[in-house]
Amino acid sequence: MTGKTRIPRVRRGRTTPRAFTLAVVGTLLAGTTVAAAAPGAADTANVQYTSRAAELVAQMTLDEKISFVHWALDPDRQNVGYLPGVPRLGIPELRAADGPNGIRLVGRTATALPAPVALASTFDDTMADSYGKVMGRDGRALNQDMVLGPMMNNIRVPHGGRNYETFSEDPLVSSRTAVAQIKGIQGAGLMTTAKHFAANNQENNRFSVNATVDEQTLREIEFPAFEASSKAGAASFMCAYNGLNGKPSCGNDELLNNVLRTQWGFQGWVMSDWLATPGTDAITKGLDQEMGVELPGDVPKGEPSPPAKFFGDALKQAVLNGTIPESAVTQSAERIVGQMEKFGLLAATPAPRPERDKAGAQAVSRKVAENGAVLLRNEGQALPLAGDAGKSIAVIGPTAVDPKVTGLGSAHVVPDSAAAPLDTIRARAGAGATVTYETGEETFGTQIPAGNLSPAFNQGHQLEPGKAGALYDGTLTVPADGEYRIAVRATGGYATVQLGSHTIEAGQVYGKVSSPLLKLTKGTHKLTISGFAMSATPLSLELGWVTPEAADATIAKAVEAAKKARTAVVFAYDDGTEGVDRPNLSLPGTQDKLISAVADANPNTIVVLNTGSSVLMPWLSKTRAVLDMWYPGQAGAEATASLLYGDVNPSGKLTQSFPAAENQHAVAGDPTSYPGVDNQQTYREGIHVGYRWFDKENVKPLFPFGHGLSYTSFTQSAPTVVRTSTGGLKVTVTVRNSGQRAGQEVVQAYLGASPNVTAPQAKKKLVGYTKVSLAAGETKTVTINVDRRQLQFWDAAADCWKTGTGNRLLQTGSSSADLRGSATVNVW
Ligand code: BGC
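Residues numbered from 1 in each chain as written. Predicted model: local features only at pLDDT ≥ 70, side-chain atom pairs only at ≥ 80, totals over all residues. Heavy atoms only, no water.

## Observations concerning the layout of surface pockets
Okay, so step 1: Of the volumes computed, that of the second largest pocket is approximately 820 Å³.
Okay, so step 2: Lining the second largest pocket are 41 residues, with Leu172, Ser175, Asp787, Arg789 and Gln790 sitting closest to its centre.
Okay, so step 3: Looking at the lining of the second largest pocket, the element that brings in the most residues is strand β31 (residues 764-774), giving six residues.
Okay, so step 4: Class assignment of the residues belonging to the lining of the second largest pocket gives a composition of 19 nonpolar, ten polar and twelve charged. (1 Å grid on protein atoms, 1.4 Å probe; cavity = no way out; pocket = protein on both sides within 12 Å on 5 of 7 lines; lining within 4 Å. Points joined across faces, edges and corners; volume = space filled by probe spheres on them. Helix = DSSP H or I, 4+ residues; strand = E, 2+ residues; numbered from the N terminus. Nonpolar A, V, L, I, M, F, W, Y, C, P; charged D, E, K, R; others polar.)

In structure tokens, the structure reads:
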């Protein structure tokens, strides 16, 4: 076994450094005249532009057409998608890289932007546009034509492994962020992919779960960002792994042909998620392209790209024997070539590729990190750091020195560079300051002593490249009852460690080290290990542990450092990743204990979160301030220091509610709702996801949707509301910066239920927002335009949108729980 095709999708290592050489083929049939759409043609969304494409596809052989409907490996083994083109017809190659927070290439750096959840937390379309422009330019400069992003699935499950990669629990925030990002990317000439259509709202069981979701919930919660992206002219859609209402998302005529194409007028093409094509006949059900052959690192350069499973030879045979009409292949090829035409790739003289603008990209990365950071708590104005508080600091936590740049999985972009927050804090604290450091939290600890493993375990080399198999079968002796971090560091491949009933997966997708905190009893525990090496690298494995005594000693050192400093700044992290959800909402390892102990020792404790989604904070009341930086990208350290010291005033707002307890959220406590039982799940909460659920159940979250503090304060007037000629609303609010420094406020407008609707309705839902900058003492009047669709609900019986008429309460304010004014609106 070579380990090539058998790699489960969650186990993907793909960062073998490789030099990049690329020949761009950009010739076109001599003498043809093509009105090539300029890069940035996204604004001409959904114009029929395929005549030239149809002409070209008509000249193709069946084999040539088939070469468009499945991705291959690029000759340089740098990305996930490659189409060879048809040189004889002047159709160039096409290259697609993963996103969605930068251009992910194998062994090549790019701008690692802040996590998409941080972008959405800016509540600022101009940020999403700038972010998109950086991706577009980077992608084009790095010889790519397309990026597989943005991801826009709703944040339904607080534990979701990819919550960091998507935007919000609210469809309006997701839609606006997605559209602005798509326009930014495509405006720079790079194609986008709206993913994962639809209901890919969890990672556990993602390959096999079938989600049963009622039509109203789909239309009002999961679909809006996809619908908006289709209307914004996204070049492609990626269908999801999971099934939706009994059919695979990638073989779902209703979803792909009826909803996406007929109802929304989508003109681009649909590709499958990696290995998500259900069968050859999916091409007759709306799927145009199969994705998923081998990983770039798995097939050496020079070897042919491995064959596609369904949309290669199997498709050819099906066409030749008449099971699938050739017209289906023709149509899919036309859709793809049509987008190439739209993006100017078929032009006689294609637009030259730009150079990267590293300085500009770094500046955007920093600005988004600064504007998306959410100040969750700030008691007694502990922040910004000033005077002694900013001069005598104990910095604690691993991500202060090993920066958490981005999440793990296919979105892991290799950053150009990334400073450590400890260094930027030291620099900002300046001469004469004392800034000490303690890790406070060991993830690997020490290698497990030989005497505790029987038979002996050979730390280090395990398998030759491409090999797989059982690696160990023995026991681990635990000296005393307690909580142990059992650490597995796997490089060059993947390993599954089974310790009693605990399973530990390790390898690149899971981070540098996998080290869950396990409650173990004194005595011997069965330990088995299996694994595989990537085809180009040997597998090396180390087993470490952090015993309870070792963990306590590390915490004790941090406590000592905290006692000696005026301020303690603790960096806490989690490891959001693709393929698996978080097992619970707590910070991993002993971080809760660490923060608690430090806060007990130093009343001036500030927590900086490098987390991808909501976390529980049992220590919250002991701390002075909590700043959520998310995964802040490659300029995260600079952004963190400027926010801590008040060079920048925080202005981010939560795009998701933070539950106060493990069992207090919309999908808690019912496995048939999450994660599913026997591969079936039902979205029982319906439209009441996120804050809609907290409102309905009258449960107080730890931090509400829309929450985010500032170093200044704002007052807001009651709203004035008028109905517009297009059936929407114009909401006007006067905002005053009543504090001492310049800042930005996000004015949020929420609309209450209609008295005339029997379908489920939220008590209130976000219908509009705008971000405004104000100097200290300044007053501005802002207008929030509320689209007509926001006044509507999906009437499942009538199968259409209807307006929720009657007197409805419109509230405006600073968060979903901090409403400052209201007006009654008569909707008709
Ligand atoms: C992910 C996609 C990604 C694709 C290609 C899949 O496993 O779900 O988001 O674009 O792999 O890497």
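Still more to cover.
## Digging into the packing of helix α13 (residues 548-564) against helix α14 (residues 591-601)
Okay, so step 1: The N-to-C vectors of α13 and α14 enclose an angle of 30°; their axes lie 9 Å apart at closest approach. By the criterion of interaxial angle, the relationship of α13 to α14 is roughly parallel. Between α13 and α14 the crossing geometry is right-handed. Facing α13, whose interface residues are Asp552, Ile555, Ala558, Val559, Ala562 and Lys563, α14 presents Lys593, Leu594, Ala597, Val598 and Ala601.
Okay, so step 2: Residue composition of the contact of α13 with α14, by class: eight nonpolar, no polar and three charged. (Axes fitted to C-alpha atoms, helices over the stretch in contact; angles between N-to-C directions. Parallel < 35°, antiparallel > 145°, perpendicular 65-115°, else oblique. Left-handed = near helix turned anticlockwise from the far one by under 90°. Contact = heavy atoms within 4.5 Å.)

## What to know about the UniProt feature "domain: Fibronectin type III-like" (unreviewed entry) in the chain
Okay, so step 1: Sites flagged by UniProt as "domain: Fibronectin type III-like" (unreviewed entry) map to residues 745-816.
Okay, so step 2: Helix makes up 0% of residues 745-816 and strand 62%. Its end C-alpha atoms lie 14 Å apart. (UniProt positions renumbered as here; feature names shortened; annotations may be inferred.)

## Examining the pairing of strand β35 (residues 806-815)
Okay, so step 1: Counting buried positions along β35 gives seven out of ten residues, so the element sits mostly inside the fold.
Okay, so step 2: By the bridge criterion, four bridges tie strand β30 (residues 743-752) to β35 in an arrangement that is antiparallel. The residue bridging Leu751 from the neighbouring strand is Leu810, located in β35.
Okay, so step 3: Pairing of β35 with strand β36 (residues 818-827), which is carried by nine bridges, proceeds in the antiparallel orientation. Residue pairing across strands places Gly813 opposite Leu819, the latter belonging to β36.
Okay, so step 4: Between β35 and β36, which follow one another and run antiparallel, lie two residues. (Buried < 20%, exposed > 50% of the residue type's maximum accessible area, 1.4 Å probe, protein only. Pairing = 2+ DSSP bridges.)

## Section: the sheet that holds strand β12 (residues 434-438)
Okay, so step 1: Taking strand neighbours across the sheet as the criterion, the six strands line up as β10-β25-β24-β23-β11-β12 in an open arrangement whose pairing is mixed. In the strand order of this sheet, the two ends are held by β10 (374-378) and β12, each with one partner. Going across the sheet, the axis of each strand differs from the next one's by a mean of 15°, ignoring polarity.
Okay, so step 2: By the bridge criterion, four bridges tie strand β11 (residues 392-396) to strand β23 (residues 567-573) in an arrangement that is parallel. Bridged to Val395 within β23 is Val569.

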